[in-house]
Every structure is written in C-alpha cells, then in structure tokens.
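Remarks on the overall topology
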Amino acid sequence: MARPGRGDGVELLTHDELQRQADERDDYQALNLSGAIDILHQLKSPGASAPAEAQDVVVEVEPEEEPAPSVFMADFFDEVKGVKSKMGTMRKTMVDVKELQSKIIQEVSKQKSKEYTEQLDDQLRQISVSAKQVKNNLQSMQHAGEEKFKDSKETSEARTHANMHAALQRKFVEIMGEFQEIQSNYKKHLRERVARQVKVANPAATEEEIEKAVEGGGGDIFTDKLLSRAAQ
C-alpha cells in the first residue's frame, strides 16, 4: 500500500483545518441561538421589560396656549354678547305680544280690550326701542371692523369679526321678519273682527271706515262712532 504523497498530505491538513473551522462555527451559532432564545424567553415572561434601546420614549408636549384676543376684539365680543341679549329679550317680548293680540281679538269686554291694547302698545314700544338699538349696534360694529381691518382683511381676527357680525345680522333679520309676520296676522284677524262688528251695526259702513277702525288699535273709537251713526 502506497504512502500518501506531499500533495495528499496537504489535502489531509486542509480537510482537518476545514473540519476544525466548521466545528467552531457550529459552537458560535449554538451560542448565538442560545442567546436569542434567552431574550425571547425574557420578552414573553410576564412583567419582563424590553431592552432600554427598544422601549418607547413618551414625551409630554404641553398644548400651546391660544393668544389672548386684542383689546379691539375683546370689546367686540362684549358687544356681541350685548346684541345677543337684546335680541333674546325681543323674542320673549314677541311671545307676550302674540298672547295679548290673541286676547284682544277674542275679548268682548270693551274695558278688558282697552287694557290689553294699552299693554300691547307698551310691548310694541319695547320691541321698537330694542330693534333700533340692535340696528345701531350692528352698524357701529360693521364700521369699526371695516376701519380696523381695512389693511388686514385676511387675518384671523378680521375673519372672526366678519363671520360673527354676519351671523348677528342674519339673526336680527330673522327676528324682524317674525315680528312683521306677527303684526300682519294680528292686523288681518283684527280687521276681520272689526268688520264683522261694524257690518252688524251698520251694513252701510265703507271699507275706508272699517280700515280706520282697525288702525285705531282695536276699533273702539271708530266702532263707537259707526254704531252711533247707525242708531240715528
């Protein structure tokens, strides 16, 4: 049997070296695998905490405070509150007006009708005064805003001023529309009532006389005149 030559010896040494290196890699991989399993076990264990580098860092950010309104806008907000309060009072008074109007139309007693009419006149004066005040306030607010923001119409304060003022104007127009409707319905029902009374007492009464009786606030004075004429 022939002995291995030099070339064969080199091959054997190389093979041994490769085998030794392979064994070292297996040991290293086994060590790494053991470490990975240990970390996984720690993560799955109750109460286990993640490594410091893996923990989420919670940073509390305090909300930014909104800048305080300017003196002009602070005064404007006060005016807005005042206008809203006046319009709220107008709505409540309008409810009272409707109730009084209903009583006047249905009342058969001249004395009671007169009392209700006087109360109604007082309520109407209150609404008229409040409406004039609100109208003047809205005009003043508009002029002040136009002067203040004539060179800065795109700023947040300018937009806030314009939007709030427009909303107040729409609400005021809505309230005045409701008031006009209340007055229109009252005049219609009152005219029908006075016309029936006058026609019964004086069938020859003209439309002009009936209209004057209606404009007289319930028709008492003119109705009395028409009734006295019919009795002659």
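No experiment lies behind these values; they were computed from the predicted model shown. (Residues numbered from 1 in each chain as written. Predicted model: local features only at pLDDT ≥ 70, side-chain atom pairs only at ≥ 80, totals over all residues. Heavy atoms only, no water.)

Side note on the overall build of the protein
Helices and strands together make up the secondary structure of the protein, namely six helices and zero strands. Secondary structure elements of the protein, listed N to C terminal, follow the sequence α-α-α-α-α-α. Going through the 232 residues of the protein one by one, you find that 22% of them count as buried. Pairs at least 24 apart in sequence give 70% of the contacts found in the protein among residues at least 6 apart. As presented, the protein carries roughly 17200 Å² of accessible surface, and 53% of it is formed by carbon and sulfur atoms. (Helix = DSSP H or I, 4+ residues; strand = E, 2+ residues; numbered from the N terminus. Buried < 20%, exposed > 50% of the residue type's maximum accessible area, 1.4 Å probe, protein only. Contact = heavy atoms within 4.5 Å. Areas by Shrake-Rupley, 256 points an atom, 1.4 Å probe, with all protein chains shown as cover.)

With respect to the confidence of the model for the protein
The predicted coordinates of low-pLDDT regions are not to be read in fine detail. When pLDDT is averaged along the protein, the result is 78; 64% of the residues meet or exceed 70. In this model residues 4-13 is a low-confidence stretch, pLDDT under 50, and it forms zero contacts with partners more than four residues away in sequence or in other chains. (pLDDT = per-residue confidence, 0-100.)

Considering the packing of aromatic side chains
Counted according to the given criterion, the structure contains two aromatic pairs. With centroids separated by 5.5 Å and ring planes inclined at 85°, the aromatic side chains of Phe72 and Phe149 adopt a geometry described as edge-to-face. Residue Phe72 is located in helix H2 (residues 71-106), and its partner Phe149 is located in the loop between helix H3 (110-148) and helix H4 (156-201); the two are separated by 77 residues in the primary sequence. Overall, Phe149 belongs to the buried group, its relative accessible area being 7%. Arranged with centres 6.0 Å apart and planes meeting at 50°, the rings of Phe76 and Phe77 form a pair that is tilted. Residue Phe77 is classed as partly exposed on the basis of its relative accessible area of 29%. (Phe/Tyr/Trp six-rings, centres within 6.5 Å; stacked < 30°, edge-to-face > 60°.)

Overview of the environment of Gln126
Along the chain, Gln126 falls in helix H3. Spatially, the C-alpha atoms of Gln126 and Thr93 are 7.9 Å apart, while their sequence positions differ by 33 residues.

Thoughts on the pattern of salt bridges
Tallied over the entire structure, the rule returns six salt bridges. Note that Arg91 is salt-bridged to Glu174, the shortest N-O span being 3.1 Å. On the criterion of sequence distance, the pair formed by Arg91 in helix H2 and Glu174 in helix H4 is long-range, its members being 83 residues apart. The exposure class of Glu174 is partly exposed, given its relative accessible area of 38%. Where Glu174 meets Lys171, a salt bridge forms, and the shortest distance between an N and an O atom there is 3.8 Å. Of this pair, Glu174 and Lys171 both sit in helix H4, separated by three residues, roughly a single helical turn. When its relative accessible area of 35% is taken as the criterion, Lys171 is described as partly exposed. Where salt bridges share partners, they join Arg91, Lys171, Glu174 and Glu178 into one cluster. (Salt bridge = Lys/Arg side-chain N within 4 Å of Asp/Glu carboxyl O.)

Examining the environment of Tyr186
Within the secondary structure, Tyr186 is located in helix H4. Judged by relative accessible area, Tyr186 falls into the buried class, the value being 10%. In this structure the C-alpha to C-alpha distance between Tyr186 and Lys98, which are 88 residues apart in sequence, comes to 8.1 Å. When near neighbours in sequence (up to four residues on either side) are disregarded, Tyr186 contacts Gln101, Ile104, Ile105 and Leu120.

Details of the packing of H2 against H3
Orientation of H2 relative to H3, taken along the N-to-C sense of each, is 160°, at an axis distance of 9 Å. On the basis of the axis angle, H2 is roughly antiparallel to H3. Handedness of the crossing formed by H2 with H3: left-handed. A per-class count over the contact of H2 with H3 returns 19 nonpolar, eleven polar and five charged. (Axes fitted to C-alpha atoms, helices over the stretch in contact; angles between N-to-C directions. Parallel < 35°, antiparallel > 145°, perpendicular 65-115°, else oblique. Left-handed = near helix turned anticlockwise from the far one by under 90°. Nonpolar A, V, L, I, M, F, W, Y, C, P; charged D, E, K, R; others polar.)

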